[in-house]
Amino acid sequence: MKKIVFGITSLTLGGAERVLVDMVNALKNQYDITLLVLYAGGEFEKSVDDSIPIIHVCEKSYQELNKWEKFKMSWKCLIGRKKIYHQYLQGKYDQVISFLEGPVMRIFATPDSKTEKIAWLHNDMARVYGEGWKSKIKLKIDQKMYQNFQKIAFVSKDNQESFAKLYPEIWENPNIEKVVLYNYIDAKSILEKAEKKVVPPIHDSCFQIVTVTRLVEQKAIDRLIRVHARLIRNGFYHKIYVIGDGPEKENLYDLIQSLSVSDTFTLMGKKTNPYPYMKQADLFALCSVYEGYGMVLDEAQILNKPILITDTAAREAVKNYPNVTVV
């Protein structure tokens, strides 16, 4: 049986994390699978089948670390990446698959002639790096790292094209295979979870919008709050519920208060099962600045929800879905 290890930053609530857990659970009888997770304590770890070992590089969650510990861990994943690879992975697996960009990819890029290496990208790399000198350094470092993989997988054609423009040397390298692999999704599980009762329910007589996302700048929840406030002022009464957490939470809460929409715009926090809320909504929205693919849109389609998206790579997730609006 082929031995495969998947690497990811953590198994906190998120789209890529959910995809990975569902996928390894579905493949557990066909392959000998191990998960390497940089930070422990993610909510989805409880959903991983008991037969699948989980290796933690750090036994704490990222949120539990103080500023100094976060710095040391970041430094360890960059400068000490070869040591981490040799300790946990060297020569032990037939395939090592980095399931996210960033630190875990750099660790998995360590040369190992006995192992096939795959990098699986879930974002628009041209947008991930941002700007500034730190971003330029990361871009140069990763250019060398990706050369050590035999295969690079992208979750959308848009992301593949963006990568090709960002790294033409890698794109033109005939020794590296490039493929588009859309995310695995367990439709049956989503439909079953959507029937669970939640307290409190969000069903109301007014028009209701739900989004499920991390609270980071990429997801542009601040823009959604401002648009919501304008619509309320213009007489379109509705409510928006945001399921998720992240570093922008306090800033978003302050913005909600300053625009006086706390009665109609709700940050609901993390939910291990967001599907009952999605099912109750009149509309599902994903208004990001950029997207890798937007797997949550596949879930909204399974639940037969009207969808509103911004013009990003999320288009690919809804290209055959009739009930969608792109703004």
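S.K.: What am I meant to see in the overall build of the protein chain here?
M.R.: The helix and strand tally for the protein chain stands at 13 helices and 13 strands. For 327 residues, the compact-globule formula gives about 20 Å, and the C-alpha radius of gyration of the protein chain, at 20 Å, lands near that figure. Its C-alpha atoms give the protein chain principal-axis dimensions of roughly 65 × 45 × 45 Å. Burial status across the protein chain gives 52% buried among its 327 residues. When contacts within the protein chain are restricted to residue pairs at least 6 apart in sequence, those whose partners lie at least 24 apart make up 66%. Just so you have it, the protein chain exposes about 16300 Å², and 51% of that area is on carbon and sulfur atoms. Side chains of the protein chain give 45 positive and 39 negative charges; the mean places of these two sets differ by 4 Å.

S.K.: Looking at this structure, how should I read unusual backbone geometry?
M.R.: Only a minority of non-glycine residues have a phi that is not negative, and only a minority of peptide bonds are not trans. Despite not being glycine, A220 has its phi angle at roughly 55°, a positive value. One can find A220 in the loop between β8 (207-212) and α10 (221-233). Positive phi, normally seen in glycine, also occurs at N304, with a value near 60°. Residue N304 is classed as exposed on the basis of its relative accessible area of 57%.

S.K.: It is not clear to me how the pairing of strand β1 (residues 3-8) should be interpreted in this structure. Could you clarify?
M.R.: The side chains of a regular strand alternate between the sheet's two faces. Burial of β1 is extensive: five of the six residues sit out of reach of the surface. Note: β1 against strand β2 (residues 32-39), six bridges, orientation parallel. Across the sheet, the residue bridging to G7 is L36, located in β2. Note that the unit made of β1, helix α1 (residues 15-27) and β2 has a crossover that is right-handed. When β1 meets strand β4 (residues 95-98), the two strands line up parallel, connected through four bridges. Following the sheet pairing, F6 is matched in β4 by I97.

S.K.: What's the story with the side chain of S61 in this structure? I'm lost.
M.R.: With respect to the secondary-structure elements, S61 resides in the loop between β3 (54-58) and α2 (67-79). Residue contacts for S61: discarding those within four places in its chain leaves Y39 and A40.

S.K.: In this structure, what is going on with the pairing of β4? I would like to understand it.
M.R.: In β4, alternate side chains face the same way, and those of Q95 and I97 on one face and V96 and S98 on the other are all buried. As paired strands, β4 and strand β5 (residues 116-121) are joined by four bridges and run parallel to one another. Bridge pairing links S98 to A119 in β5. Since β4 and β5 lie parallel, the crossover through helix α4 (residues 103-108) that links them has a hand, and here it is right-handed.

S.K.: Which parts of the structure should I look at to understand α1?
M.R.: Residue pairs spaced three or four apart in an α-helix point in one direction, given the helix's 3.6 residues per turn. Between its first and last C-alpha, α1 extends 18 Å over 13 residues, near the 18 Å set by a 1.5 Å rise per residue. Taken together, the buried positions of α1 are A16, E17, R18, V19, L20, V21, M23, V24 and N25. Residues of α1 that are buried make contact with β1, β2, β5, α12 (275-280) and α13 (295-302).

S.K.: Mind showing me how you'd approach the sheet that holds strand β9 (residues 238-243) here?
M.R.: Think of a sheet as strands paired side by side through backbone hydrogen bonds, with each pair either parallel or antiparallel. Taken in spatial order, the six strands of this open sheet run β10-β9-β8-β11-β12-β13, and their pairing is parallel. Looking at which strands have only one partner, the edges of the open sheet turn out to be β10 (265-269) and β13 (324-326). Each strand axis lies, on average, 20° off the axis of its neighbour in the sheet, ignoring direction. Where β8 and β9 come together, six bridges link them in parallel fashion. In the sheet register, I209 faces β9, and the bridge partner there is I240.

S.K.: Please clarify how the nonpolar core should be interpreted in this entry.
M.R.: Looking at soluble globular proteins, one finds that nonpolar side chains tend to be buried together. By size, the foremost hydrophobic cluster in this structure holds 85 residues, and its most contacted members are F6, Y146 and L297. Leaving out residues up to four positions away in the same chain, L297 has contacts with F284, L286, I307, I309, A314, A317 and V318.

S.K.: Got a minute to help me understand the packing of α10 against helix α11 (residues 249-258) in this structure?
M.R.: Helix packing for two helices is described by the angle between their axes and how far apart those axes are. Relative to each other, α10 and α11 sit at 10°, their axes nearing to 10 Å. Viewed along their axes, α10 and α11 adopt a mutual orientation that is roughly parallel. Together, I221, D222, I225 and R226 of α10 and L252, L255 and I256 of α11 make up the contact between the two elements. The residue inventory of the contact of α10 with α11, partitioned by class, reads five nonpolar, no polar and two charged.

S.K.: I keep staring at the sheet that holds β3 and nothing clicks. Help me out?
M.R.: One open sheet accounts for seven strands, arranged β3-β2-β1-β4-β5-β6-β7; its pairing is parallel. Of all the strands in the sheet, just β3 and β7 (177-180) have a single pairing partner and so form its edges. The mean inter-strand angle of the sheet, taken between neighbouring strand axes irrespective of direction, is 20°. Pairing analysis gives four bridges linking β2 to β3, with the strands arranged parallel. Of the residues in β3, the one forming a bridge with L36 is I55.

S.K.: Help me understand the environment of T264, please; the structure alone is not making it clear to me.
M.R.: Mapping T264 onto the fold places it in the loop between α11 and β10. Given the relative accessible area of 6%, T264 is considered buried. The spatial distance from the C-alpha of T264 to the C-alpha of I240 is 6.3 Å, given a sequence separation of 24 residues. With residues near it in sequence (within four places) discarded, T264 still touches H228, I232, Y237, H238, K239 and I240.

Conventions used here
- Residues numbered from 1 in each chain as written.
- Predicted model: local features only at pLDDT ≥ 70, side-chain atom pairs only at ≥ 80, totals over all residues.
- Heavy atoms only, no water.
- Helix = DSSP H or I, 4+ residues; strand = E, 2+ residues; numbered from the N terminus.
- Rg over C-alpha atoms; globule rule 2.2 N^0.38 Å.
- Buried < 20%, exposed > 50% of the residue type's maximum accessible area, 1.4 Å probe, protein only.
- Contact = heavy atoms within 4.5 Å.
- Areas by Shrake-Rupley, 256 points an atom, 1.4 Å probe, with all protein chains shown as cover.
- Lys, Arg positive; Asp, Glu negative; His and termini not counted.
- Charge placed at Lys NZ, Arg CZ, Asp CG, Glu CD.
- Pairing = 2+ DSSP bridges.
- Right-handed = clockwise from strand over helix to strand, strands pointing away.
- Expected span 1.5 Å × (residues − 1).
- Axes fitted to C-alpha atoms, helices over the stretch in contact; angles between N-to-C directions.
- Core = buried A, V, L, I, M, F, W, Y, C linked by side-chain atoms within 4.5 Å.
- Parallel < 35°, antiparallel > 145°, perpendicular 65-115°, else oblique.
- Nonpolar A, V, L, I, M, F, W, Y, C, P; charged D, E, K, R; others polar.

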